[in-house]
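Coordinate analysis (summary)
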Amino acid sequence: MSFTKAPGVEDIFPDRIPVWNRITASARRNFELFNFREVIIPVMEYTELFSRGIGDETDIVSKEMFTFEDRGGRSLTLRPEGTASVVRAYNENGEYNRLSVCKLFYIGSMFRAERPQKGRLRQFNQFGAELFGDDSPFYDYEVISMMNSIAIDLGILNYELLINSIGCEECRPAYLEKLKEYYQSNKSVLCEDCVKRLEKNPLRILDCKKDGCKALKDAAPVLPEFLCSSCADHHSSVKSYLSGAGIAFREDPFLVRGLDYYAKTTFEFVTTALGGQNAFAAGGRYNKLVEILGGKPTPAVGFAAGIERLMILTETNPPAPLSLDAFIIYSDEKYFQHSAELLRKLRMEGISADIDPSGKSMKSQMKKMDRENARFALIIGDEEINEKTVTVKDTATREQQKISEGEVSAFIKNNKR
Ligand code: HAM
């Protein structure tokens, strides 16, 4: 008897592992640059964590969870996302929940019983980040800009950042009333699920993918018009931080997201290159969730990205050619020792550098350098030795200048591509 894999799961063979590694390495590097620390959370939790955390009326909880009973009759669920689990872990661990700001990231498999298609799996992998303890809009911006840096780093082209604010418990009720009124008067067009949502959770109707419900959305009241002054200020600060950093975004007043825990900022990174599944990363602020899951009132914000979706996007983009920061060229064999000493110092200072030890002509060394795609040629000849300088040549513009030996590494760091 031969076996096939279950629907919606994937094997990732060695030929695709470099792409996987590039994505997770980029995520890790950026998380660490922003001072986020890794946490490893379990793949299963008590079911109630997700039903309370994500919301009973969401598609994830009502239709997509892999839930089973353990031998003691308790209901367990394979995690459909990481946020609720990280909040549970944070609440359970005083060492972390006593920090004024706690920044955590995770990488791992999530499980949702969705209808499988390209970019939509039943077991998929996310990397995600969660920041606890501060309501500052600066952190909403930081979390978004961290994902933006990863997207740029991976060479993803033609994506759009959508943002919205879905208000707080102060201002959202008035909006929900208006939304109910609107959909009540169009009830005959709504799908069966949305008729139920109308009473319990009308915001969810905005997230429904059925044609009739989707068409009604165009004329629905929009949330940003109902924001209280505190949410409106928060939203405009997030936008001005983004603009200040040159991060382009488009406001989408209907971006409510498929999970109930959000308040204030919501965002998605979308692209048309994924077909039906357009989001490759998404998140937002969730200031009530820590409390809902039994912790102290703690503001929080975070996001998660789909690794398989990023793999599809980056596999169509050839990776940027590897490049070296510097290649040292010496005019005479007698300067090799001196050059090797400079090489050692540069590498110690975090500059990628190389040299040709063969002692061949400068022309031959330059040929080797060209194959390595070096940013700068560092040339050492009689004059440079006497003056304790290095001639630094930009290999792209061909401009060159003499720089004192002690300043070479700072110059390269400031002029990296
Ligand atoms: P989400 O939008 O449900 O948010 O998922 C985040 C990302 O996971 C999506 O943008 C997508 O790239 C990927 N993803 C989701 N479902 C699938 C699937 N079935 N197959 C492949 N990839 C998928 C969350 O999970 C929230 N926990 C994000 C968050 C963190 N919000 C605050 N903190």
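Preceding this paragraph is the structure being described.
Read on for a plain summary of the structure. Model, not experiment: these values are computed from the prediction.

1. Quick notes on the overall build of the chain
- The secondary structure content of the chain amounts to 16 helices and 16 strands.
- Its C-alpha atoms put the chain at 85 × 65 × 45 Å along the principal axes.
- By the burial criterion, 49% of the 417 residues in the chain qualify as buried.
- Considering only contacts within the chain whose residues lie at least 6 apart along the sequence, 70% involve residues at least 24 apart.
- Split by element, the accessible area of the chain, about 20,900 Å² in all, is 50% carbon and sulfur.

2. Looking at the site of the ligand
- Taken together, the neighbourhood of the ligand is formed by 26 residues, with Glu81, Thr83, Glu114, Glu130 and Tyr262 sitting nearest.
- A distance of 3.4 Å separates a nitrogen atom of the ligand from a polar side-chain atom of Arg309.
- Protein contact buries 96% of the 660 Å² of open area that the ligand shows by itself.
- Those elements giving two or more residues to the shell around the ligand turn out to be strand 6 (123–132), strand 10 (279–285) and strand 11 (300–306).
- Tallying contributions element by element places strand 10 first for the shell around the ligand, with 6 residues.
- When the residues that make up the shell around the ligand are grouped by side-chain class, the tally is 12 nonpolar, 7 polar and 7 charged.

3. Side note on unusual backbone geometry
- Even without glycine at this site, Asn158 takes up a positive phi of about 50°.
- Looking at the element boundaries, Asn158 is found in the loop between helix 6 (137–153) and strand 7 (160–165).
- Unusually for a residue other than glycine, Lys264 sits at a positive phi of about 60°.
- Judged by relative accessible area, which is 8%, Lys264 ranks as buried.

4. Considerations on the nonpolar core
- By size, the foremost hydrophobic cluster in this structure holds 52 residues, and its most contacted members are Phe132, Tyr183, Leu190, Leu203 and Leu206.
- Discounting chain neighbours no more than four positions away, the residues touching Phe132 are Val86, Val87, Tyr90, Ser100, Val101, Cys102, Leu104, Tyr286, Val290, Thr298, Pro299 and Ala300.
- In this structure, Phe31, Tyr139, Leu274 and Leu313 belong to the second largest nonpolar core, which totals 39 residues.

5. A short note on the packing of aromatic side chains
- Under the defined criterion, the tally for this structure stands at 21 aromatic pairs.
- Here the aromatic rings of Tyr182 and Tyr183 are separated by 5.1 Å at their centres, their planes lie at 65°, and the arrangement is edge-to-face.
- Accessibility expressed as a relative area gives 0% for Tyr183, which makes it buried.

6. Regarding the pattern of salt bridges
- Evaluation of the coordinates by the stated rule reveals 31 salt bridges.
- Of the charged contacts in the structure, one is a salt bridge between Asp153 and Arg29, with a shortest N-O distance of 2.7 Å. Note that Asp153 is positioned in helix 6 and Arg29 in helix 1 (residues 17–33), a separation of 124 residues in sequence.
- Judged by its relative accessible area of 34%, Asp153 is partly exposed.
- As a salt-bridge pair, Glu268 and Arg257 come within 3.1 Å of each other at their nearest N and O atoms. Residue Glu268 is found in strand 9 (residues 265–270), and its partner Arg257 is found in the loop between strand 8 (250–251) and strand 9; the two are separated by 11 residues along the sequence. In terms of burial, Glu268 and Arg257 fall into one category: buried.
- Each of Asp59, Lys63, Asp193 and Arg197 takes part in a single network of salt bridges with overlapping partners.

7. Considerations on the sheet that holds strand 3 (residues 67–69)
- Read across the open sheet, the 3 strands follow the order 2-4-3; overall the sheet is antiparallel. Each having just a single partner strand, strand 2 (44–46) and strand 3 make up the two edges of the open sheet. Taking each pair of neighbouring strands and ignoring which way they run, the sheet shows an average axis angle of 35°.
- Set on the sheet, helix 2 (residues 47–54) makes contact with strand 2, strand 3 and strand 4 (75–78); between it and strand 2 the angle comes to about 75°.

Each value, and the rule that gives it
- Residues numbered from 1 in each chain as written.
- Predicted model: local features only at pLDDT ≥ 70, side-chain atom pairs only at ≥ 80, totals over all residues.
- Heavy atoms only, no water.
- Helix = DSSP H or I, 4+ residues; strand = E, 2+ residues; numbered from the N terminus.
- Buried < 20%, exposed > 50% of the residue type's maximum accessible area, 1.4 Å probe, protein only.
- Contact = heavy atoms within 4.5 Å.
- Areas by Shrake-Rupley, 256 points an atom, 1.4 Å probe, with all protein chains shown as cover.
- Near = heavy atom within 4 Å.
- Polar contact = N/O pair within 3.5 Å; in protein donor to acceptor, adjacent residues only side chain to side chain.
- Nonpolar A, V, L, I, M, F, W, Y, C, P; charged D, E, K, R; others polar.
- Core = buried A, V, L, I, M, F, W, Y, C linked by side-chain atoms within 4.5 Å.
- Phe/Tyr/Trp six-rings, centres within 6.5 Å; stacked < 30°, edge-to-face > 60°.
- Salt bridge = Lys/Arg side-chain N within 4 Å of Asp/Glu carboxyl O.
- Pairing = 2+ DSSP bridges.
- Axes fitted to C-alpha atoms, helices over the stretch in contact; angles between N-to-C directions.

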